[in-house]
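Observations on the three-dimensional arrangement
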Amino acid sequence: METQETDGKQIGMIAYLTVIGLIIAFVMNNEKKSEFAQYHIRQMLGLFVSGVAIGLIGIIPILGWLIVIVGVFILFYMWVMGLIAAINGQMKPMPILGKKYEEWFAGA
């Protein structure tokens, strides 16, 4: 039982290592089906989608650039908090949008 928890925690942490880590975590979790890992994969998936959306906003001159600058700092803060939660073995949503990610990606 403890190895499943450890595997889930490791997969959850791997999810926070860039997009490649997210894909690797998703594939690894397909075999073991850890609820903890699924939770953190959904959180990181939401963060990734938010990053893409902010990147698209960056196309807009001046105002878009300002939004991107602020958005990058917010996303970085959310990423750090999500990673810390995964390391500590907590299923705690990221600040700001974490609860929304739970709703939006409930089926993922």
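What counts and how
Residues numbered from 1 in each chain as written. Predicted model: local features only at pLDDT ≥ 70, side-chain atom pairs only at ≥ 80, totals over all residues. Heavy atoms only, no water. Helix = DSSP H or I, 4+ residues; strand = E, 2+ residues; numbered from the N terminus. Rg over C-alpha atoms; globule rule 2.2 N^0.38 Å. Buried < 20%, exposed > 50% of the residue type's maximum accessible area, 1.4 Å probe, protein only.

1. Quick look at the overall build of the chain
- Along the backbone of the chain there are five helices and zero strands.
- Secondary structure elements of the chain, listed N to C terminal, follow the sequence α-α-α-α-α.
- Relative to a compact globule of 108 residues, whose C-alpha radius of gyration would be 13 Å, the chain shows 15 Å and is just as compact.
- Considering only C-alpha atoms, the chain reaches an extent of 55 × 25 × 20 Å along its principal axes.
- Among the 108 residues that make up the chain, the fraction classed as buried is 32%.

2. Describing unusual backbone geometry
- A positive phi angle, near 60°, is found at T18, a position not held by glycine.
- What makes T18 exposed here is its relative accessible area of 53%.
- Phi is positive for I62, which is not a glycine, with a value near 60°.
- Relative to the helices and strands, I62 resides in the loop between α3 (35–57) and α4 (63–87).

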